[in-house]
Amino acid sequence: MSERFIYFDHAATTPVRPEVLEAMLPYFDKKYGNASSIYSIARESRAAVDEAREMVANAIGAKSDEIYFTSGGTEADNWAIKGIARGSADKGKHIITTSIEHHAVLHTCQYLEKEGFDVTYLPVDEKGLISPAQVEEAIREDTILISVMFANNEIGTIQPIEEIGEIAKRHGIVFHTDAVQAVGNIHIDVKKLGVDLLSMSAHKFYGPKGVGALYIRKGTKLASYIHGGAQERGKRASTENVPGIVGMGRAIEIATQNMDSYNKKLLELREMTIDKVLATIPYTRLNGDRDKRLPGNVNFSFEFIEGESLLLLLDMAGIGASSGSACTSGSLDPSHVLLAIGLPHGIAHGSLRLTFGKDNTREDVEYLLEVLPGIVERLRRMSPLYERVKNREE
């Protein structure tokens, strides 16, 4: 095992910034009041929640009373989709989404199919993109919701959200986007984009785990998801997670302020990695669009190897990476995203996702590029198919 450890899995989660932790700490002990109570220590908590709500709203161009805190992105996705479906079932039961959504969306839609809803899963092209025309063609008289993720968590592809928003508005259909990977990484203006609902999660932009938010455009009728109290203006019961909410507010404020310089750095690391890997490791494919992708996302497929073995050897070399979504890391099935863009099972199994963050350096990437070719070659030597291909070339 290597004594060094380099973290290249920021799409899975990010470390809490020191400034964020510092802002959170008082609300664990000194300012521990329940934000829904009325005495002075509780009012301190309420003021902190209100301030954080304003920070989140400012980051995406929303109003503070359009932000509702949740336990994370998964809850926000569930609430958005189930809330619209059940609240609008009298108008129709058709939902449009894509085949490469996060499982928080896909599994929610599959669950609703058991309740009698009809879901269209739009296919994507070989780069993971859908076209606005596809969305418009799928609309029916009974369509009540369009849900398209902003940026894919595995291959980093950024969808044409603004154009889809225009289509949804023209047809009078509610539009939701899972922006968990986008918030904190891309400048977002919900008014310009035309989205009615937007999901986010704090731990993707150096905030704490276990807290997220759902943007609900004013006037959007959304059924409540959790019942039991009057928190979040009567729409989402449960005692407010004050430390988490404070941390989310501070984290998104910092992320928004530093976004341009942050993205410039990530883009340099991304392009350096893509150029070098494609030039030095044969039988390698870059997954996702080269340009329409998150600044810090790289996803490769290496033929003739298994991704799990690759991750284990990288870990032994002191590198933490992923083969896809952290939410499916225990699964032996190939990524549904890679299958959706047309990769055969054998190649989809040999994928590597690298997602860079604020503390990564050129030296970190240079070390990766030093060890990765040897690890891939070592694993390929175990493949009879690879040996046959090499022998034919020779």
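Because the structure is a prediction, the values reported are computed rather than measured.

K.L.:
I tried to follow the packing of helix α9 (residues 259–280) against helix α13 (residues 362–380) on my own but got confused; where do I start?
P.N.:
Two packed helices can be described by the angle between their axes and the distance between those axes. Where α9 contacts α13, the axes come no closer than 10 Å and their chain directions differ by 15 degrees. Put simply, α9 runs roughly parallel to α13. Here α9 and α13 pass one another in a crossing that is right-handed. Residues Leu269, Met272, Thr273, Lys276, Val277 and Thr280 of α9 form the contact with α13, whose participating residues are Arg362, Val365, Glu366, Leu368, Leu369, Leu372 and Pro373. Of the residues in the contact of α9 with α13, the class split is 8 nonpolar, 2 polar and 3 charged.

K.L.:
What should I look at first to understand the sheet that holds strand β12 (residues 351–355) in this one?
P.N.:
Hydrogen bonds between backbone groups are what pair the strands of a sheet, and the pairing can be parallel or antiparallel. One open sheet accounts for 3 strands, arranged β9-β10-β12; its pairing is antiparallel. The sheet terminates laterally at β9 (284–286) and β12, the two strands that pair on one side only. Averaged over all pairs of adjacent strands, the angle between their axes in this sheet comes to 25 degrees, without regard to strand direction. Of the pairings in the sheet, the one linking strand β10 (residues 297–302) to β12 comprises 5 bridges and is antiparallel in character.

K.L.:
What is the right way to read unusual backbone geometry from this model?
P.N.:
Backbone geometry follows two general trends: most residues other than glycine have a negative phi, and most peptide bonds adopt the trans configuration. Positive phi is not limited to glycine here, since Tyr206 has a value of about 70 degrees. Mapped onto the fold, Tyr206 is located in the loop between β7 (197–201) and β8 (212–216). Exposure remark for Tyr206: the relative accessible area of 3% places this residue in the buried category. Even without a glycine there, the phi angle at Arg233 is positive, about 55 degrees. Secondary-structure assignment places Arg233 in the loop between β8 and α8 (242–257).

K.L.:
What should I look at first to understand the packing of aromatic side chains in this one?
P.N.:
The geometry of two aromatic rings is summed up by the distance between their centres and the angle between their planes. For the coordinates displayed, the defined rule picks out 5 aromatic pairs. Relative to Tyr262, the ring of Tyr206 has its centre 6.2 Å away and its plane inclined at 80 degrees; by these criteria the two rings are edge-to-face. Taken together, the positions of Tyr206 in the loop between β7 and β8 and Tyr262 in helix α9 put the pair 56 residues apart, joining distant regions of the chain. Ring geometry for Phe300 and Phe302: centres 5.9 Å apart, planes at 40 degrees, overall tilted. The exposure classification of Phe300 matches that of Phe302, with both residues buried. Lying over the aromatic face of Tyr206, Arg17 brings its terminal NZ or CZ to 5.0 Å of the ring centre.

K.L.:
Help me understand the pairing of strand β6 (residues 174–178) in this model?
P.N.:
Along any regular strand the residues' side chains alternate between the sheet's two faces. Counted residue by residue, β6 has 5 buried out of 5 residues, so it is predominantly covered. Here 3 bridges tie strand β5 (residues 143–147) to β6, and the two strands are oriented parallel to one another. Residue pairing in the sheet places Ser147 in a bridge with His176 of β6. Regarding the hand of the β-α-β motif, the stretch spanning β5, helix α6 (residues 161–171) and β6 is right-handed. Pairing of β6 with β7 involves 3 bridges; the strand directions are parallel. Note on β7: the bridge partner recorded for Thr177 is Leu198.

How each quantity is defined
Residues numbered from 1 in each chain as written. Predicted model: local features only at pLDDT ≥ 70, side-chain atom pairs only at ≥ 80, totals over all residues. Heavy atoms only, no water. Axes fitted to C-alpha atoms, helices over the stretch in contact; angles between N-to-C directions. Helix = DSSP H or I, 4+ residues; strand = E, 2+ residues; numbered from the N terminus. Parallel < 35°, antiparallel > 145°, perpendicular 65-115°, else oblique. Left-handed = near helix turned anticlockwise from the far one by under 90°. Contact = heavy atoms within 4.5 Å. Nonpolar A, V, L, I, M, F, W, Y, C, P; charged D, E, K, R; others polar. Pairing = 2+ DSSP bridges. Buried < 20%, exposed > 50% of the residue type's maximum accessible area, 1.4 Å probe, protein only. Phe/Tyr/Trp six-rings, centres within 6.5 Å; stacked < 30°, edge-to-face > 60°. Lys NZ or Arg CZ within 6 Å of the ring centre and 35° of its normal. Right-handed = clockwise from strand over helix to strand, strands pointing away.

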